[in-house]
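Spelled out from the first residue to the last, the chains are:
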Amino acid sequence: MAKKAVKKAAKKAAKKTVTKAAKKIAKKAAKKVAKEATKKIAKKAAKKTAKKTTKKAAKKAAKGNAVKKSTSTKVETLPTYAEIQLKAYFVYLDREKYSKPGNSQSDWIHAIALLTE
């Protein structure tokens, strides 16, 4: 009888050890699966957020470009050296004709002012 009791006790101990080991393995597997699922969900959420932010940024950029386009209708170009020189000559002629005070430098500055108005 003692042998039977020992065998029963050994079987119980073996069962407990096996079930404990099985439970540990099951817990590890469950944790691993949960981790992977969390990663997948996080990736999907990150992609959605990235798409939304890029769409918003694109809309803002489009709005900004539309406003910029409408405000920049007038393009100013600076006069060339030859244009300034010619205008300064006519300013000089006008100054001499009406005996106005001034010199070549003031004629040049006046010519630039007239051309960039």
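Above this text sits the structure in question.
I will try to describe carefully the structure that is included in this document. In this text the structure is predicted, and so the values were computed from the model without any measurement. (Residues numbered from 1 in each chain as written. Predicted model: local features only at pLDDT ≥ 70, side-chain atom pairs only at ≥ 80, totals over all residues. Heavy atoms only, no water.)

## Let's talk about the overall build of the protein
Right, so step 1: Helices and strands together make up the secondary structure of the protein, namely three helices and zero strands.
Right, so step 2: Going from N to C terminus, the protein has its helices and strands arranged as α-α-α.
Right, so step 3: Residue burial in the protein is summarised as follows: out of 117 residues, 6% are buried.
Right, so step 4: Surface summary for the protein: the accessible area is close to 11200 Å², and the carbon and sulfur share equals 64%. (Helix = DSSP H or I, 4+ residues; strand = E, 2+ residues; numbered from the N terminus. Buried < 20%, exposed > 50% of the residue type's maximum accessible area, 1.4 Å probe, protein only. Areas by Shrake-Rupley, 256 points an atom, 1.4 Å probe, with all protein chains shown as cover.)

## Describing a nonpolar patch on the surface
Right, so step 1: Together, Leu86, Tyr89, Phe90, Tyr92 and Leu93 make up an exposed nonpolar region whose accessible area comes to about 500 Å².
Right, so step 2: Looking at the secondary structure, you find Leu93 in helix α2 (residues 81–97). (Patch = residues over 30% accessible without salt bridge, like charges linked within 9 Å, V, L, I, M, F, W, Y side chains within 5 Å. Salt bridge = Lys/Arg side-chain N within 4 Å of Asp/Glu carboxyl O.)

## Observations regarding the side chain of Asp107
Right, so step 1: Relative to the elements of secondary structure, Asp107 occurs in helix α3 (residues 104–116).
Right, so step 2: Of the residues examined, Asp107 reaches a relative accessible area of 4% and is grouped as buried.
Right, so step 3: Among residues more than four places away in sequence, those in contact with Asp107 are Ala88, Val91, Tyr92 and Arg95. (Contact = heavy atoms within 4.5 Å.)

## Remarks on the packing of aromatic side chains
Right, so step 1: On inspection of all chains with the given rule, the structure shows three aromatic pairs.
Right, so step 2: With a centroid separation of 5.3 Å and 50° between ring planes, the pair formed by Tyr81 and Trp108 is classed as tilted. With Tyr81 in helix α2 and Trp108 in helix α3, this pair connects stretches of sequence that are 27 residues apart.
Right, so step 3: Judged by its relative accessible area of 58%, Tyr81 is exposed.
Right, so step 4: A relative accessible area of 27% means that Trp108 is categorised as partly exposed.
Right, so step 5: Taken together, the ring pairs in this structure connect Tyr89, Phe90 and Tyr92 into an aromatic cluster. (Phe/Tyr/Trp six-rings, centres within 6.5 Å; stacked < 30°, edge-to-face > 60°.)

## Here's the deal with unusual backbone geometry
Right, so step 1: In this model, Ser99 sits at a positive phi of 50°, which is unusual for a non-glycine residue.
Right, so step 2: Mapped onto the elements, Ser99 comes out in the loop between α2 and α3.

## Points about the pattern of salt bridges
Right, so step 1: According to the stated counting rule, one finds three salt bridges in the structure shown.
Right, so step 2: Note that Asp94 and Lys100 form a salt bridge whose closest N and O atoms lie 3.3 Å from each other.
Right, so step 3: Asp94 gets classed as partly exposed once you look at its relative accessible area, which sits at 32%.
Right, so step 4: The exposure class assigned to Lys100 is partly exposed, which follows from its relative accessible area of 44%.
Right, so step 5: One salt-bridge network, in which partners are shared between bridges, spans Arg95, Glu96 and Asp107.

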